[in-house]
Amino acid sequence: MKNTPSLVYTLLLVALIAAPFVGAYPVFVMKLMCFALFASAFNLLLGYTGLLSFGHAAFFGGSAYVAAHAMKVWGLTPELGLLTGTAVGALLGWVFGLLAIRRQGIYFAMITLALAQMVFFIALQAKFTGGEDGLQGVPRGRLFGVIDLRNDLTMYYVVLAVVVAAFLLIARTTRSPFGQVLKGIKENEPRALSLGYDVGRYKLLAFVISAALSGLAGSLKTLVLGFATLSDVHWSASGQVILMTLVGGLGTLSGPLAGASVVVLLENKIGELGHLLARLTTIDWFNALGESVTMVTGLIFVVCVLAFRRGITGEVITVVQKLRSLSNAK
Amino acid sequence: MGLFNLPNLPLSALLSQLLLGLVNGSFYAILSLGLAVIFGLLNVINFAHGALFMMGAVLTWMGLTYFNINYWAMLVLAPLAVGLFGVLTERLLLRWIYKLDHLYGLLLTLGLTLLIEGAFRSAYGVSGLTYDTPDALAGATDLGFMFLPNYRAWVVAASLGICFATWFVIEKTRLGAYLRAGTENPRLVEAFGINVPLMVTLTYGFGVALAAFAGVLAAPVIQVSPLMGQNLIIVVFAIVVIGGMGSIMGAILTGLGLGVIEGLTKVVYPEASSTVVFVVMVIVLLIRPAGLFGKEK
């Protein structure tokens, strides 16, 4: 029983390695993995430090633009492109963090939202971002100048390796002494302060790590799909990553993975789901479900906040613990 | 608008941008006032404020288009309808999350925003709906040094009127005293026999009715569309960060002031007009982290 989590992760990894051979569409799974990484990076901040950033679209989308520019115009190799994107995420995160940690609670969320909106307007108006069209036709190139990434299967395993490495880094961070201090700040900030921890610095560092990894996720998505667009810097992308984390389970390692899968699948397949429901229930209205993604997303937010705050992973953990205490009682 | 980027601006162009800034500032003032009143008592940041502003404007348009109800009637009816919607929302949804962390209030109202905007979007699409200026306020008055568009003057006057009325009620009347006391210590106020849950419900209703009132005022000057509140709410958030939510008068003044700054930026450097409010926010955060009128809890 004790090894259940590692067993689950091993199974997940095996499933991901095998996925392209059992009929999964590689590009879709890659996109899914990018969002899973984005949500995990976001959860490091919200779930483990208790800071609600409403500006993560700026890191995800901003880095995507810079990485796209670096690979397309400067002709950088993919690994350097990803590094550039990550560095941009870290830098933006540092600036946002410095400003936002000056205020607490709800103001923190509003400040990050406003700063991200500024990045959105810059992306809309600046020359290099291509305005409404975004940056298109970004070449995948050759990894280290050798491995050709134009093959989807090669690309797939590169993405898998990067995402797994980043995920392990996040897992390691949450278990490190640093991660323990972050949890302490989340539980009781004044106490952490009175114990002599420089709370501001810890928050800032957590913010920078989270932003850098979000930048990595954004750059990776650009590399896979070959474009960077305004929708990645729009505030709705920040809302989306909050939703993924919330649905999956705040402050759990695997929660964001589950949440990202559910949200991405839902947004891509909601039209089909609507048609299926329409056939099953013979209610015509469901056929139009594909056009009501916004409303469905809103509904999930409301339901999650009111009745489902533990998220998928949180609920599973609770059930498992209950079963365990029952079997121990016998 | 805002495209005359000339070094020697005629005075009238400057004045008309100033007036336009005041018009936007009036909307900012009413919206940030509503946010501050709601946050004071409910501890919830109402993300849906922009969507409810939009609802006020679209209801105004619907009133005229489907039922032939004129502007003046909608000026009362739309805030009433949206206020009622707010009362229901508070009773059915918001009520359950007061004991939780602040962030859940933001997330719940974000969900509400998506539901409202999504619903209006599936009905009216994203293109704008035109709403004509009411006849009584059409045209402009010649002031000698400039032409003053009557409708814009009315928006500023009506907004200032409603803002100061709200300020007066909250700061100078007995009802306002209950409200302020409820903000400080709801349990104690309840112990004195005042129905605090009812007060909370009505406050939310009133706050969102304010947003709808601004929406009605905006219908003839900003293009009515289901997405009209989306970017506005973020600007209003930045204004709330700049002003701080501790003071009613502070929210009003900050809103007006930033509208004017935005208007003047349109004259000097139009490209920056969409970001200037955020830049001001950054500067204020660096110099006075608690905000201009900040009394942070």
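Residues numbered from 1 in each chain as written. Chains lettered and ligands numbered in written order. Predicted model: local features only at pLDDT ≥ 70, side-chain atom pairs only at ≥ 80, totals over all residues.

J.: Looking at this structure, I do not really get the overall build of chain B. What am I missing?
T.: Looking only at helices and strands, one finds 11 helices and 2 strands in chain B. When each of the 297 residues of chain B is scored for burial, the buried share is 49%. Contacts in chain B between residues at least 24 apart in sequence constitute 77% of all its contacts with a sequence separation of at least 6. (Helix = DSSP H or I, 4+ residues; strand = E, 2+ residues; numbered from the N terminus. Buried ≥ 20, exposed ≤ 12 C-beta atoms within 10 Å, placed from the backbone. Contact = placed C-beta atoms within 7 Å.)

J.: Would you mind showing me how to read the overall build of chain A here?
T.: The helix and strand inventory of chain A stands at 13 helices and 2 strands. Taking 20 Å as the expected radius of gyration for a compact globule of 330 residues, we find that chain A reaches 20 Å, a close match to that expectation. Projected onto its principal axes, the C-alpha positions of chain A cover 65 × 60 × 40 Å. A buried classification covers 47% of the 330 residues belonging to chain A. Pairs at least 24 residues apart make up 75% of the contacts formed inside chain A by residues separated by at least 6 positions. (Rg over C-alpha atoms; globule rule 2.2 N^0.38 Å.)

J.: What exactly am I supposed to notice about the nonpolar core here?
T.: With 186 residues, the main nonpolar core has A:Leu37, A:Ala114, B:Ala212 and B:Ala238 as its most contacted residues. With near-sequence residues (within four places) excluded, A:Ala114 lies in contact with B:Ile234, B:Phe237, B:Ala238, B:Val241, B:Phe278 and B:Met281. (Core = buried A, V, L, I, M, F, W, Y, C linked by C-beta atoms within 7 Å.)

J.: Teacher, can you tell me more about the interface of chain B and chain A here?
T.: Accessible area lost during the coming together of the parts is what is often quoted as the interface size. Chain B puts 34 residues into the contact, and the matching count from chain A is 32 residues. If you list the elements that add at least two residues to the side of chain B that touches chain A, you get helix H4 (102–124), helix H9 (230–243) and helix H11 (276–287) of chain B. Counting residues per element, the side of chain B that touches chain A draws most heavily on H4(B), which supplies 17 residues. Residues belonging to the side of chain B that touches chain A are distributed by class as follows: 24 nonpolar, 7 polar and 3 charged. (Nonpolar A, V, L, I, M, F, W, Y, C, P; charged D, E, K, R; others polar.)

J.: Honestly, the packing of helix H3 (residues 56–72) of chain A against helix H5 (residues 105–125) of chain A in this entry has me stumped. Any pointers?
T.: For any two helices packed against each other, one specifies the inter-axial angle together with the distance between the axes. Residue and element names in this part refer to chain A. One can describe the packing of H3 onto H5 by two numbers: an axis separation of 9 Å at closest approach and a directional angle of 25°. Taken together, H3 and H5 sit at an angle that is classed as roughly parallel. In the crossing of H3 with H5, the sense of the turn from one axis to the other is left-handed. Contacts between H3 and H5 involve Ala57, Ala58, Gly61, Gly62 and Tyr65 from the former and Leu115, Ala116, Val119 and Ala123 from the latter. Partitioned by chemical class, the residues of the contact of H3 with H5 number 7 nonpolar, 2 polar and no charged. (Axes fitted to C-alpha atoms, helices over the stretch in contact; angles between N-to-C directions. Parallel < 35°, antiparallel > 145°, perpendicular 65-115°, else oblique. Left-handed = near helix turned anticlockwise from the far one by under 90°.)

J.: What's the story with the environment of B:Asp101 in this structure? I'm lost.
T.: Residue and element names in this part refer to chain B. As for its position among the elements, Asp101 is in the loop between helix H3 (71–92) and H4. Owing to 15 C-beta atoms within 10 Å, Asp101 belongs among the partly exposed residues under this scheme. For the pair Asp101 and Asn43, spaced 58 residues apart in sequence, the C-alpha to C-alpha distance is 9.5 Å.

J.: Sorry, what's going on with the packing of H5(A) against H9(B) here?
T.: For the pair H5(A) and H9(B), the least separation of the axes is 9 Å and the interaxial angle reads 125°. It follows that H5(A) is oblique to H9(B) by the angle criterion. Once H5(A) is placed against H9(B), the crossing between them reads as left-handed. Contact with H5(A), carried on its side by A:Tyr107, A:Met110, A:Ile111, A:Leu113, A:Ala114 and A:Gln117, involves B:Ile234, B:Phe237, B:Ala238, B:Val240 and B:Val241 of H9(B) and no other residues of that element. Grouping the amino acids of the contact of H5(A) with H9(B) by side-chain chemistry returns 10 nonpolar, 1 polar and no charged.

J.: Explain the confidence of the model for chain B here, please?
T.: Detailed reading of the predicted coordinates is not advisable wherever pLDDT is low. Residue and element names in this part refer to chain B. Summing up the model confidence of chain B, the mean pLDDT is 86 and the portion of residues at 70 or higher is 95%. Low confidence marks residues 1–7, where pLDDT is under 50. Its contacts with residues over four positions away, or in another chain, come to 9 contacts. The ipTM for the predicted assembly is 0.86, set against a pTM of 0.89. (pLDDT = per-residue confidence, 0-100.)

J.: Just checking my understanding: could you explain unusual backbone geometry for this structure?
T.: Note: most residues except glycine have negative phi, and most peptide bonds are trans. All names here are of chain B. The phi dihedral of Asn43 is positive, around 60°, even though this residue is not glycine. Mapped onto the elements, Asn43 comes out in the loop between helix H1 (11–42) and helix H2 (49–67). Look at Asn68: it is not a glycine, yet its phi comes out positive at around 60°. Along the chain, Asn68 falls in the loop between H2 and H3.

J.: It is not clear to me how the environment of B:Ala153 should be interpreted in this structure. Could you clarify?
T.: Looking at the element boundaries, B:Ala153 is found in helix H5 (residues 150–172). For the pair B:Ala153 and B:Gly263, spaced 110 residues apart in sequence, the C-alpha to C-alpha distance is 15 Å.

J.: Please explain the environment of B:Gly259 as it appears in this structure.
T.: Residues and elements named next belong to chain B. Along the polypeptide, Gly259 turns up in helix H10 (residues 248–268). With 25 C-beta atoms counted inside 10 Å, the residue Gly259 sits in the buried group. Sequence-distant contacts of Gly259, defined by excluding residues within four places in its chain, comprise Gly21, Leu22, Asn24, Gly25, Ser26 and Tyr28.

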